[in-house]
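Single-letter residue listing:
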Amino acid sequence: NLTNRFAQVVKTLRGQARLTEDNIADMLREVRMALLEADVALPVVKELIARIKEKALGQEVVGSLTPGQALVGVVQDELAAIMGGAQSGLNFATQPPAVMLMAGLQGAGKTTTVGKLAKYLKEKHRKKVLTVSCDVYRPAAIAQLETVTGQAGAEFFPSSSDQKPVDIALAAIDYAKRHYFDVLLVDTAGRITIDEQMMAEIKQLQTSIKPIETLFVVDAMLGQDAVNTARAFNEALSLTGVVLTKLDGDSRGGAALSVRHVTGAPIKFTGVGEKLTGLDEFHPDRMASRILGMGDILSLVEEARTAVDEKAARDLADKLRKGKGFDLNDFKDQMAQMRKMGGLSSLMDKMPAQIAQAASQMQAGAPEKAMARVEGIINSMTPAERSNPDLIKASRKRRIAAGAGVQVQEVNRLLNQFEQMQKMMKQFSGGGMAKLMRSMGG
Ligand code: GDP
Ligand code: MG
């Protein structure tokens, strides 16, 4: 990944006072290659490289930063900038209901995203949400929306396949007004590929219902094709935002860079997994760190906050911020929370690569089963042992192993790997980016 490539070049740059055309040439070549590998569109790569070069050239290398470290900082800033810089939320500033129209190809994740958004709007913004399906081509699609809306705890406005999409949407708006809904989410049909009829239909829908948000939903796994689709939709409709789905499958994030660049519309959310909890607000700076291979501890904490006990999550966030140790008590809580959040895979994706690796070593084999064993071991420890694992000497290890019904070696393995993980948590907390860059410079 980019981090490894950078680490290499950073070494060669050490000891030089400033960034020059010469000493950044190698580094930029690496950046370029890594971006292309991450599926970023060529014109976007070119512009990024030009911007990085311009910013980096002649930049004073301040304080303890070496040129290589300084360049990583510039790359991170420019990656975030090309994805829009600041986080961009939904617009509600209209006479209710705030109508939000979904657009995108079939299978992009529109219906799932409506369910996720309904849940998010209800829980995070306390909105009264109505959903409606204008997908008159597939009766199953209407039923699917009804199901996810029910799961989200929102209300569903029924429609049927013998109606016209515009009529359905207008009737739903009327109903939403009379029943004081804050938001109406309008799901639409998509084709396998872009075609004239689909574009004409959604254009007409946009003109008739004048949504405050038109969200383009796109599958991040499509890579380059995501960019072409985005361009076509952006030409037909005025998009107010993008939802990038299936980011669980494409942790490279290349599509995020390109889609924003070609549409000019901000990415507002990312989707991970099929569960309704799998929707995250999009933060360009965090995505930039993730692309650079640093993982995304803050998003993780945020996800924990919505899925679980708020206080526990706040305490953990505080600990991380203060750079204080992460102990086995936290680890135990984390595991319980992971289960509530729908398993490991969506979480692993967000962890810094090294932590994810340590975690997966701990759970060789079926992750959920191994997690239960690890939890069993931790449960057999006393609270004092959990907060100070150094206490755990041979006799305590035997007691713990017996309590959990495992071999002593398994207890040892857990303790060793926990120690590694703790070190990494320390490294990523507190100083964050700056600390990591320092460690990359050696
Ligand atoms: P639509 O045709 O645009 O309405 O797409 P759907 O919402 O029906 O989603 C198509 C498929 O993708 C379904 O199997 C969803 O469960 C799945 N899906 C949607 N969003 C995500 C996501 O963020 N991650 C993953 N892994 N699957 C998703
Ligand atoms: Mg659908």
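Keep in mind that this is a model prediction, so the values were computed, not measured.

Rules used in this analysis
Residues numbered from 1 in each chain as written. Chains lettered and ligands numbered in written order. Predicted model: local features only at pLDDT ≥ 70, side-chain atom pairs only at ≥ 80, totals over all residues. Buried ≥ 20, exposed ≤ 12 C-beta atoms within 10 Å, placed from the backbone. Helix = DSSP H or I, 4+ residues; strand = E, 2+ residues; numbered from the N terminus. Pairing = 2+ DSSP bridges. UniProt positions renumbered as here; feature names shortened; annotations may be inferred. Axes fitted to C-alpha atoms, helices over the stretch in contact; angles between N-to-C directions. Contact = placed C-beta atoms within 7 Å. Parallel < 35°, antiparallel > 145°, perpendicular 65-115°, else oblique. Left-handed = near helix turned anticlockwise from the far one by under 90°. Core = buried A, V, L, I, M, F, W, Y, C linked by C-beta atoms within 7 Å. Domains from an automatic or database assignment. Near = placed C-beta within 6 Å. Nonpolar A, V, L, I, M, F, W, Y, C, P; charged D, E, K, R; others polar. Expected span 1.5 Å × (residues − 1). Arc of directions from axis to C-beta.

## A closer look at the pairing of strand S4 (residues 183-187)
And step 1. With 5 of its 5 residues buried, S4 lies for the most part within the structure.
And step 2. Here S4 shows no split at all, with Val-183, Leu-185 and Asp-187 on one side and Leu-184 and Val-186 on the other all buried.
And step 3. Note that strand S1 (residues 98-103) and S4 share 4 bridges and pair parallel. For Leu-101, the partnering residue across the bridge sits in S4 and is Val-186.
And step 4. When strand S2 (residues 129-133) meets S4, the two strands line up parallel, connected through 5 bridges. Along S4, the bridge assignment pairs Leu-130 with Leu-184.

## Description of the UniProt feature "domain: SRP54-type proteins GTP-binding" (unreviewed entry) in the chain
And step 1. When the UniProt feature table is mapped onto this chain numbering, "domain: SRP54-type proteins GTP-binding" (unreviewed entry) sits at residues 266-279.
And step 2. The straight-line gap between the two end C-alpha atoms of residues 266-279 is 16 Å; of that span, 0% is helix and 43% is strand.

## Brief notes about the sheet that holds strand S6 (residues 241-245)
And step 1. The sheet built from 8 strands is open, its strands ordered S3-S2-S4-S1-S5-S6-S7-S8 with mixed pairing. Edge positions in the sheet fall to strand S3 (155-157) and strand S8 (279-281), since each has one partner strand and no second. Mean inter-strand twist for the sheet, computed between neighbouring axes without regard to direction, equals 25°.
And step 2. Examined bridge by bridge, strand S5 (residues 213-219) and S6 share 5 bridges and lie parallel to one another. Bridge assignment links Val-217 to a residue of S6, and that residue is Val-243.
And step 3. Seen against the sheet, helix H6 (residues 139-152) touches S2, S3 and S4 and runs at an angle of roughly 165° to S2.

## Considerations on the packing of helix H2 (residues 21-37) against helix H3 (residues 42-56)
And step 1. Viewed as axis vectors pointing N to C, H2 and H3 meet at an angle of 150°, and their least axial separation amounts to 10 Å. When the axes of H2 and H3 are compared, the pair comes out roughly antiparallel. Our pair here, H2 against H3, has a crossing hand that is right-handed. Residues Ile-24, Leu-28, Val-31, Arg-32, Leu-35 and Leu-36 of H2 lie in contact with H3, whose contacting residues are Val-45, Leu-48, Ile-49, Ile-52, Lys-53 and Ala-56.

## As for unusual backbone geometry
And step 1. Cis geometry is found at the peptide bond from Pro-96 to Pro-97, where omega equals 0°.
And step 2. Examined against the element boundaries, Pro-97 turns out to sit in the loop between helix H4 (67-82) and S1.
And step 3. One non-glycine residue with positive phi stands out, namely Lys-246, at about 60°.
And step 4. For Lys-246, the position within the fold is in the loop between S6 and helix H10 (254-263).

## Considerations on the nonpolar core
The nonpolar side chains of a soluble globular protein tend to be buried with one another.
And step 1. If you look at the biggest cluster of nonpolar residues, it comprises 86 residues, and the most contacted ones within it are Leu-184, Val-186, Phe-216, Val-218, Val-242, Leu-244 and Val-259.
And step 2. In terms of domain composition, this core takes at least three residues from each of domain 1 (2-82) and domain 2 (98-291).
And step 3. The contacts of Leu-184, once residues within four sequence positions are left out, are Pro-97, Val-99, Leu-130, Val-132, Ala-172, Ile-173 and Ala-176.
And step 4. Grouped together as the second largest cluster of nonpolar side chains are 10 residues, Leu-328, Phe-331, Ile-378 and Ile-400 included.

## Thoughts on the site of ligand 1
And step 1. In the vicinity of ligand 1 there are 18 residues, among which Gly-109, Lys-110, Thr-111, Thr-112 and Gly-271 approach most closely.
And step 2. Among the residues making up the shell around ligand 1, the classes are represented as 2 nonpolar, 12 polar and 4 charged.

## Details of the packing of helix H9 (residues 224-236) against H10
And step 1. Between H9 and H10, the least distance of the axes is 9 Å, while the angle of their chain directions is 25°. For the element pair H9 / H10, the angle class is roughly parallel. By crossing handedness, the relation of H9 to H10 is classed as right-handed. Side by side, H9 and H10 meet where Ala-226, Val-227, Ala-230, Arg-231 and Asn-234 of the first sit next to Ala-255, Ser-258, Val-259, Val-262 and Thr-263 of the second.
And step 2. Split into classes, the residues belonging to the contact of H9 with H10 amount to 6 nonpolar, 3 polar and 1 charged.

## With respect to the pairing of S1
If a strand is regular, its side chains alternate between the two faces of the sheet.
And step 1. Counting buried positions along S1 yields 6 of 6 residues, so the element is predominantly enclosed.
And step 2. Judged by which residues are buried, S1 turns out to be covered on both faces: Ala-98, Met-100 and Met-102 on one side and Val-99, Leu-101 and Ala-103 on the other are all buried.

## Describing H6
And step 1. In a regular helix each residue adds 1.5 Å, so 14 residues correspond to 20 Å; H6 covers 20 Å between its end C-alpha atoms and thus fits that length.
And step 2. Taken residue by residue, H6 has Ala-141, Ile-142, Leu-145, Val-148, Thr-149 and Ala-152 as its buried positions. Looking straight down H6, one finds its buried side chains confined to an arc of 130°; they lie on one side. The outward face of H6, more than 90 degrees from its buried face, is lined by the exposed residues Pro-139, Ala-140 and Ala-143.

## Looking at the environment of Glu-155
And step 1. Residue position: Glu-155 is located in strand S3.
And step 2. Looking at Glu-155, the number of C-beta atoms within 10 Å reads 18, which means it is partly exposed.

## Digging into the environment of Gly-73
And step 1. Its location among the elements puts Gly-73 in helix H4.
And step 2. On a C-alpha basis, the gap between Gly-73 and Ile-52 in space is 10.0 Å, while along the polypeptide they are 21 residues apart.

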